[in-house]
Amino acid sequence: MEKSLFKFIWRYSARQQLTILLITVIAYPVTYVLLELPKLIVNDAIQGENFPREVYGLEFDQVSYLVVLCLAFLGLVILSNGIKLALNVYKGRLGERMLRRLRFELFQRVLRFRLPHFKKVSSGEIIPMITSEVEDVGGFIGEAVALPAYQGGMLAVQIGFIFMQDPLLGLAAISSYPMQAYVIPKLQKRVVLLSRQRVRNVRVIADKIGESIGGVSEIHANDASAWHSADISERLYTNYQIRFKIFNWKYFIKFLNNFMNQLTPFLFYLIGGWLVIEGDLSIGALLAVIAAYKDLAGPWKELLAYYQMVADVEVKYQTVVENFDPADIYPVTRLTDDNADVDLSGDLVMRSVSFSGGAAGQEVFDVSLTVPSGAQAAVAGPDGSGRSEVLQLAAGLLGATSGRVEIGGHNLDNLGEAVLGRQIAYVGPSVHVWTGTVRDNILYGLRHRPLRVPEREGEDKARYARWLAEARATENPDYDIQAEWEDFQAAGVDTIDDLDSRALELIEMTGLAADVFRMGLQSPIDPARHPEFADRVLAVRRALADRVAGDGRLAAMVELWDVERFNNSASLAENLLFAMPVDPTVGIYTLASDPDVAAALDETGLRSRLVEIGLKIAGTMVELFANVSDDSGLLGDYSFITLDELPEFDRIVRTSRLESSKGQLRDPDQERLIGLAFKLIPARHRLGVLDDAMREEIVAARAAFHKRLNGDQSRFVVFDRDSFIAPMSIEDNLLFGRPRVDRRDAREKIDGLIRSIVDEMELRRPIVRAGLDFHVGVAGSRLSTGQRRRVALVRALMKNAPITILDDTAGSGSDDDKALRASIRKALKGRMLLFGAPNLIVAGEFDHSIVMNQGRVVDEEGAG
């Protein structure tokens, strides 16, 4: 990475900077002529004589001559501003391109860091550097040549114009510039040093805040809020002190600049006045020079600001380079080399390998071992024994400090990710699950390069061409993210259906099937894309309804949807609409503001009744929870209102009780109360705010709402016993109703019934397949630790790699882990497997075992 900002600019944008310079130079004569033309118009056209005149063979009288000069002036104004427009657009685009290039290079450098380097830097420091700190650098790159060239040129043109009027006054005009050019940089250097301190301090603050967010549960669990608050407060005070010093120096520099700028008029008055008194200069000429001097202030001010900007962005660039240019960074070819032809099917050999992670327990000393091709070996040892480091060295994730790690005679440190990432599957003690679906995570190890590019036509094709051109102009990769990336050949399948089938086999094998089945039940599906599956769900629904109808005990456990009946186990909103919004982000609070819902409430006269119900609920909640902590069990029973919402509802209740405001609740307050009423589940909340008459009114109101929809199901899908309801989960579609919330164990018994019929009608596997589309949340936050580990295991096995390395995965002595180990070994028979476990008993299950302690091999059995 270039150490100097200007070297970086020149290396990647020399041609564009020269283009900017050329456009700028064109502006100089235009500007000079624009200064001359007004004088010509006044002196020659308005006050001139000897008309008519002949210009280029054409004869002009005084008025037409004036018109021609004025039109020429207007044309030059348009030309001058056109040049500025072109210059600004060009340098703006250049700045954005260079910013994109710089950010991508920084991100790529992050990918090239060796793993131990991540113990020295945190995401809290790296993210601001890539996102916000280089923002100003990108903006400056477009101005790097354009601003000094344009403003410097304008300054030279205007000074030249003054010298043309009177050389002595020209010297007076520039008399303060040498002093400013010398003093200001000296002072600015102090600001630069302070700016560097500020950047470092802000980076530490960002790191501390990020660490606090990541460990917020630990902060609350240990009552350490005060300690963290004090830590951040101290660093903010340091930041305040630095910024205050910066302000002092900046404003002093500004004061000095202003003072020096006023020195020149002082010299004009003194020297010019003396010349006028002596009769060597007219008063008019003196005033003209003073007026012309005002035009110099703009360019000179811009040049001084440019110098300050250079100092500022240079500091930011240098601080970024310091963090992204470690000495031991991998070469870029490790990421970009697409040669995946190297075969890693030979023996794994470590020759006198040593490694240090920079801390005790993260070291390996003089390890020599051989694992034959196709062998399955256990690497056992407690945490800190060097077991994990040996396995990461074997996976090519760590580089040996001394010695060599070879597979099939190839030194892993010299191989690119195209080889290591495709031929070695690795699952470590700490797995990472990506934000996305279960399918995204399981197929992640097959997405190396885009393989099947989509066909594009029309505007889409043109948009892609523009995207491709910009990617190449900034040396970003031109990989098409919209393409299909899954490598079927690597997984040993031919089609996407086969790939899903393979994933389901591994999900079953690793014991993840039950979890994915539950995820599938909670997922919606698109019946247009899966019509056959939707039909089978409807078949199960009918069978389930028949089973319920034929069993009195089951019938007492569930309330099925019936357009003629009120469902006490469902919310009032579901009962009123008898439909679901298509958009899953639509909240109950916002339903009251929906135009169709609001119109239906007005037509049926339910608006005021629901506001009244909402008011009663709000009054009860305020009374119940006013002095209740948020850990009270009552909150779970009345989860439709939170403690954070209490103050707002308290205000609405008090407002409604004021005599003067009766009937005058604002529309937003009424909608909030209706939203509260919509959340009411009568059988659960039992607040006594809903009588039978009101239930009948709500059931009757369904017709008014459905009439307004008039068959349009683009925003709401009406409940229909014979149709698949797309916004509902698969489980809700299967049942088409609600387990009764006022019957003990109703939920469990209905769940058992659903699962039983699903198995009978062989729908389990399609539901598991639907579970692949379950969204796992941010970094897998919706998955348990065990589920995340199994997802990572399936992801590794999907790669079908010749070498699989598993560390601390299913390594306990439990029967489940023992069975899983046997399944994994059976599935990987004939391929190399390194199985790391802290439990030494595991080593006995393998023919070849290596026991580690304190970074050394202390026992090895079964070695050839």
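Here, every reference points to the structure presented above.
The structure displayed is predicted, hence computed values, not measured ones.

This next bit is on the overall build of the protein chain. Along the protein chain, the regular secondary structure elements total 35 helices and 18 strands. When the backbone C-alpha atoms are referred to their principal axes, the protein chain occupies close to 120 × 90 × 65 Å. Across the 864 residues of the protein chain, 46% fall into the buried class. Of the contacts formed within the protein chain by residues at least 6 apart in sequence, a portion of 78% connects residues at least 24 apart.

When you line up the elements, R114 lands in the loop between α2 (62-112) and α3 (123-133). Reaching out from R114, the side chain makes a polar contact with the side chain of Y330 at a distance of 3.4 Å. Contacts of R114, omitting those with residues within four sequence positions, involve D328, Y330, G399 and D413.

A word on the nonpolar core. I442, I507, I730, L734, I767 and M798 are the most contacted members of the largest nonpolar core, which totals 71 residues. If we ignore the near neighbours within four places in the chain, the residues touching I442 are A503, I507, L772, V791, V794, R795 and M798.

Applying the stated rule across the entire model yields 50 salt bridges. For the salt bridge of R609 with E697, the shortest nitrogen-to-oxygen distance reads 2.9 Å. Of the two residues, R609 sits in helix α24 (residues 606-625) while E697 sits in helix α29 (residues 692-709), which places them 88 residues apart along the sequence. Accessibility expressed as a relative area gives 30% for E697, which makes it partly exposed. Because the salt bridges share partners, they merge into one network encompassing D594, D596, E603, R708 and R715.

The next thing to look at is the packing of aromatic side chains. Summed over the entire model, instances satisfying the criterion amount to 20 aromatic pairs. Sitting over the ring of Y464, R456 keeps its end group 4.1 Å from the ring centre. A cation over an aromatic ring shows up here: R825 above the ring of F846, its NZ or CZ 4.2 Å from the ring centre.

Structurally, D337 is set in the loop between α11 (333-336) and β3 (348-356). Discounting residues that sit within four places of it in the chain, D337 has contacts with A418 and R449.

With that settled, consider the environment of D383. Mapping D383 onto the fold places it in the loop between β5 (376-380) and α12 (387-394). Judged by relative accessible area, D383 falls into the exposed class, the value being 62%. Distance in space between the C-alpha atoms of D383 and I725 is 51 Å, their sequence separation being 342 residues. A distance of 3.4 Å separates the side chain of D383 from the side chain of R387, its partner in a polar contact.

Let us look at the packing of α24 against α29. Packing of α24 against α29 leaves a shortest axis separation of 12 Å and a crossing angle of 135°. Taken together, α24 and α29 sit at an angle that is classed as oblique. Here the hand of the crossing between α24 and α29 comes out left-handed. Across the interface between the two elements, L606, R609, L610 and I613 of α24 pack against M694, E697, I698 and A701 of α29.

Taken in spatial order, the 6 strands make up an open sheet running β8-β15-β16-β5-β17-β18, and their pairing is mixed. Since the sheet does not close on itself, it has two edges, and those belong to β8 (424-427) and β18 (856-861), each with one partner. Between one strand axis and the next, the sheet turns by 15° as a mean value, whatever way the strands run. Its contacts with the sheet place helix α33 (residues 785-798) against β8 and β15 (803-807), and it is angled at close to 175° to β8.

Let us look at helix α32 (residues 764-771). For α32, the set of buried residues is P766, I767, V768, A770 and G771. Tucked into the core, α32 has its buried residues touching α14 (438-442), α17 (496-509), α18 (513-521), α19 (531-549), α30 (730-735) and α31 (746-760).

Read across the open sheet, the 4 strands follow the order β4-β3-β6-β7; overall the sheet is antiparallel. One side of each edge strand has no neighbouring strand; the edge strands of this open sheet are β4 (363-371) and β7 (410-411). In this fold α12 packs onto β3, β4 and β6 (402-407), with an angle of close to 125° to the strand it touches most, β3.

The next subject is a nonpolar patch on the surface. Taken together, the side chains of F252, F255, F259, L263, F266 and L270 present a nonpolar region at the surface, about 600 Å² in accessible area. Tracing the backbone through its elements, the reader meets L263 in helix α9 (residues 225-278).

We now examine unusual backbone geometry. Positive phi outside glycine occurs at E762, with the angle close to 55°. Phi is positive for D808, which is not a glycine, with a value near 55°. Among the secondary structure elements, D808 is positioned in the loop between β15 and α34 (815-827). Assessed through its relative accessible area of 27%, D808 is described here as partly exposed.

As a further point, take the packing of α3 against helix α7 (residues 177-214). Helix-helix packing is described using two parameters, namely the angle between the two axes and the distance between the axes. It is at 8 Å that the axes of α3 and α7 come closest, and there the two elements cross at 120°. The orientation of α3 with respect to α7, classified from their angle, is oblique. Considering only the axes of α3 and α7, their crossing is right-handed. Side by side, α3 and α7 meet where G124, E125, P128, M129 and E133 of the first sit next to V199, R203, A206 and D207 of the second. Taken together, the residues of the contact of α3 with α7 sort by class into 4 nonpolar, 1 polar and 4 charged.

The residue N261 is located in helix α9 in this model. Since its relative accessible area comes to 25%, N261 is described here as partly exposed. Sequence separation of N261 and I141 is 120 residues, and the distance between their C-alpha atoms is 29 Å.

Summarising burial for β15: 5 of the 5 residues are buried, a large majority. Alternating positions in β15 separate into two faces, I803, I805 and D807 on one and T804 and L806 on the other, with burial throughout. Of the pairings in the sheet, the one linking β8 to β15 comprises 4 bridges and is parallel in character. Counterpart to Y426 in the pairing with β15 is I805.

Compared with an ideal rise of 1.5 Å per residue, which puts 42 residues at 62 Å, helix α1 (residues 5-46) spans 53 Å between its outermost C-alpha atoms and falls more than 12% short. A bend of about 90° at S13 is the largest found in α1.

Analysis parameters
- Residues numbered from 1 in each chain as written.
- Predicted model: local features only at pLDDT ≥ 70, side-chain atom pairs only at ≥ 80, totals over all residues.
- Heavy atoms only, no water.
- Helix = DSSP H or I, 4+ residues; strand = E, 2+ residues; numbered from the N terminus.
- Buried < 20%, exposed > 50% of the residue type's maximum accessible area, 1.4 Å probe, protein only.
- Contact = heavy atoms within 4.5 Å.
- Polar contact = N/O pair within 3.5 Å; in protein donor to acceptor, adjacent residues only side chain to side chain.
- Core = buried A, V, L, I, M, F, W, Y, C linked by side-chain atoms within 4.5 Å.
- Salt bridge = Lys/Arg side-chain N within 4 Å of Asp/Glu carboxyl O.
- Phe/Tyr/Trp six-rings, centres within 6.5 Å; stacked < 30°, edge-to-face > 60°.
- Lys NZ or Arg CZ within 6 Å of the ring centre and 35° of its normal.
- Axes fitted to C-alpha atoms, helices over the stretch in contact; angles between N-to-C directions.
- Parallel < 35°, antiparallel > 145°, perpendicular 65-115°, else oblique.
- Left-handed = near helix turned anticlockwise from the far one by under 90°.
- Pairing = 2+ DSSP bridges.
- Patch = residues over 30% accessible without salt bridge, like charges linked within 9 Å, V, L, I, M, F, W, Y side chains within 5 Å.
- Areas by Shrake-Rupley, 256 points an atom, 1.4 Å probe, with all protein chains shown as cover.
- Nonpolar A, V, L, I, M, F, W, Y, C, P; charged D, E, K, R; others polar.
- Expected span 1.5 Å × (residues − 1).
- Bend = angle between axes of the 7 residues up to and from the residue.

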